[in-house]
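# Summary of structural features
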Amino acid sequence: MGSHPLPVPTTAAGREGLAALLERPGRAVVGLDFDGTLAEIVPDPDQARAHPGAVPALSRLAPRVRSVAVITGRPAEVAVRYGGFAEAEGLDRLVVLGLYGAERWDAASGSVQAPEPHPGIAAVKAELPAVLETNGAWRGIWIEDKGRAVAVHTRRADDPQAAFDQLRAPLHALAERHGLIVEPGRLVLELRPPGMDKGVALTEYVRQSGAEAVLYAGDDLGDLAAFAAVEKLREEGVPGVLVCSGSTEVNELAKRADLVVDGPAGIVSLLEGLAEAAG
């Protein structure tokens, strides 16, 4: 092995998935979440940037596999900018599926394809300030307008977890009134249209690309749908590996993973190891 020995998955299905990926890397898709996986979680989401080793590692790995897809709740262009993915060497086959797959950016064309926003988003944006006011939850709450979704962050509140718990029910009610759903994350509640999730995005992408093996790495509740998609693909005969970006915040994901690594630095090391082993 080279300087980045590959960790061994703790499950039989994970070991089988990794073996299949390394046997024919040119037929494998590597799917990656952005925040908490390729980038450290930071108090201000606008300051999130890919780990400095991420692009170099992806540049080595991407040419050796069928493709690399970054699947994120962020708008595709934001992830591309914060990731430093545009015009990076070796990433000409990189795809960013933004807003849980509603948007798609291809490195080859450098452009984003996206549908019209759901009408409920505008209505929710208009009513959100009053809902927060009613629930006495303004202090430290940050609203992120994602265009096709709205995220309410409680990480900067005096008591982030209490604010998160307090807002769950009123935001669910608000979303429901306008035909939207609420996706909870790490101290963030996101209101968005139904039918957009990382599992749907990953499954469609794997099928389109004709991949015969898949690896997916994530760190958050929003990644559970992608984990479930890999589990279903495995049942259908597509070997897969589930990687948790060592978050102590989301035990549920770690429990279902074949491999737990130590945050974005661990993900970078894993990507380096895959590139070496797939060489």
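Check the entry above for the structure.
To keep things clear, this report deals only with the structure shown in the data block.

How each quantity is defined
- Residues numbered from 1 in each chain as written.
- Predicted model: local features only at pLDDT ≥ 70, side-chain atom pairs only at ≥ 80, totals over all residues.
- Heavy atoms only, no water.
- Pairing = 2+ DSSP bridges.
- Helix = DSSP H or I, 4+ residues; strand = E, 2+ residues; numbered from the N terminus.
- Axes fitted to C-alpha atoms, helices over the stretch in contact; angles between N-to-C directions.
- 1 Å grid on protein atoms, 1.4 Å probe; cavity = no way out; pocket = protein on both sides within 12 Å on 5 of 7 lines; lining within 4 Å.
- Points joined across faces, edges and corners; volume = space filled by probe spheres on them.
- Nonpolar A, V, L, I, M, F, W, Y, C, P; charged D, E, K, R; others polar.
- Polar contact = N/O pair within 3.5 Å; in protein donor to acceptor, adjacent residues only side chain to side chain.
- Salt bridge = Lys/Arg side-chain N within 4 Å of Asp/Glu carboxyl O.
- Buried < 20%, exposed > 50% of the residue type's maximum accessible area, 1.4 Å probe, protein only.
- Contact = heavy atoms within 4.5 Å.
- Right-handed = clockwise from strand over helix to strand, strands pointing away.

### Describing the sheet that holds strand S9 (residues 188–192)
Hydrogen bonds along the backbone pair up the strands of a sheet, which may run parallel or antiparallel. If you walk across this open sheet you meet the 4 strands as S6-S7-S9-S8, and the pairing is antiparallel. The outermost strands of the open sheet, each flanked by one partner alone, are strand S6 (142–145) and strand S8 (181–184). The mean angle between the axes of side-by-side strands here comes to 20 degrees, regardless of whether they run parallel or antiparallel. As paired strands, strand S7 (residues 150–153) and S9 are joined by 4 bridges and run antiparallel to one another.

### Remarks on empty space enclosed by the protein
Within this structure, the stated rule accounts for 1 cavity of 30 Å³ or more. Its volume calculated, the largest cavity comes out at about 440 Å³. Asp35, Ile41, His153, Val188 and Asp220 are, among the 27 residues lining the largest cavity, the residues nearest its centre. Of all the secondary-structure elements, those providing two or more residues to the lining of the largest cavity are S8 and S9. Here the residues of the lining of the largest cavity sort into 8 nonpolar, 5 polar and 14 charged.

### What about the side chain of Glu103?
Secondary-structure assignment places Glu103 in strand S4 (residues 103–106). In terms of polar contacts, Glu103 uses its side chain to reach the backbone amide nitrogen of Ala76, at 2.9 Å. A distance of 2.9 Å separates the side chain of Glu103 from the side chain of Arg148, its partner in a polar contact.

### A short note on the pattern of salt bridges
Summed over the entire model, instances satisfying the criterion amount to 20 salt bridges. Its salt-bridge partner being Glu212, residue Arg27 comes within 3.4 Å of it at the nearest N-O pair. Residue Arg27 is found in the loop between helix H1 (12–23) and strand S1 (28–32), and its partner Glu212 is found in the loop between helix H6 (198–209) and strand S10 (213–218); the two are separated by 185 residues along the sequence. Residue Arg27 is classed as partly exposed on the basis of its relative accessible area, which comes to 34%. Note on Glu212: relative accessible area 35%, which makes it partly exposed. Here Glu183 makes a salt bridge to Arg192, at a shortest N to O gap of 2.3 Å.

### A few points about the sheet that holds strand S3 (residues 95–98)
Across the sheet, which stays open at both edges, the 8 strands sit in the order S5-S4-S3-S2-S1-S10-S11-S12 with mixed pairing between neighbours. For this open sheet the edge positions go to strand S5 (111–113) and strand S12 (259–261), each flanked by a neighbour on one side alone. Each strand of the sheet is rotated relative to its neighbour by a mean of 20 degrees, with strand direction disregarded. Summarising the sheet, S1 and S10 pair through 5 bridges and their orientation is parallel. Bridge pairing in S10 places Ala28 opposite Ala213. Across the sheet, helix H9 (residues 263–278) touches S1, S10, strand S11 (240–245) and S12, and the angle it forms with S11 is around 150 degrees.

### Regarding the pairing of strand S2 (residues 67–71)
Most of S2 sits inside the fold, with 5 of its 5 residues counted as buried. Both faces of S2 are covered, namely the face carrying Ser67, Ala69 and Ile71 and the face carrying Val68 and Val70. Examined bridge by bridge, S1 and S2 share 4 bridges and lie parallel to one another. The residue bridging Val30 from the neighbouring strand is Val68, located in S2. Of the crossover connections in this fold, the one passing from S1 over helix H2 (residues 54–61) to the parallel S2 is right-handed. The parallel pair S2 and S3, bridged by helix H3 (residues 76–83), forms a crossover whose chirality is right-handed.

### Here we look at the side chain of Arg74
On the secondary structure map, Arg74 appears in the loop between S2 and H3. Under the relative-accessibility criterion, Arg74 is labelled buried at 4%. Excluding anything up to four places from it in sequence, Arg74 contacts Phe34, Asp35, Pro45, Ala48, Tyr82, Gly98, Leu99, Glu144 and Lys146.

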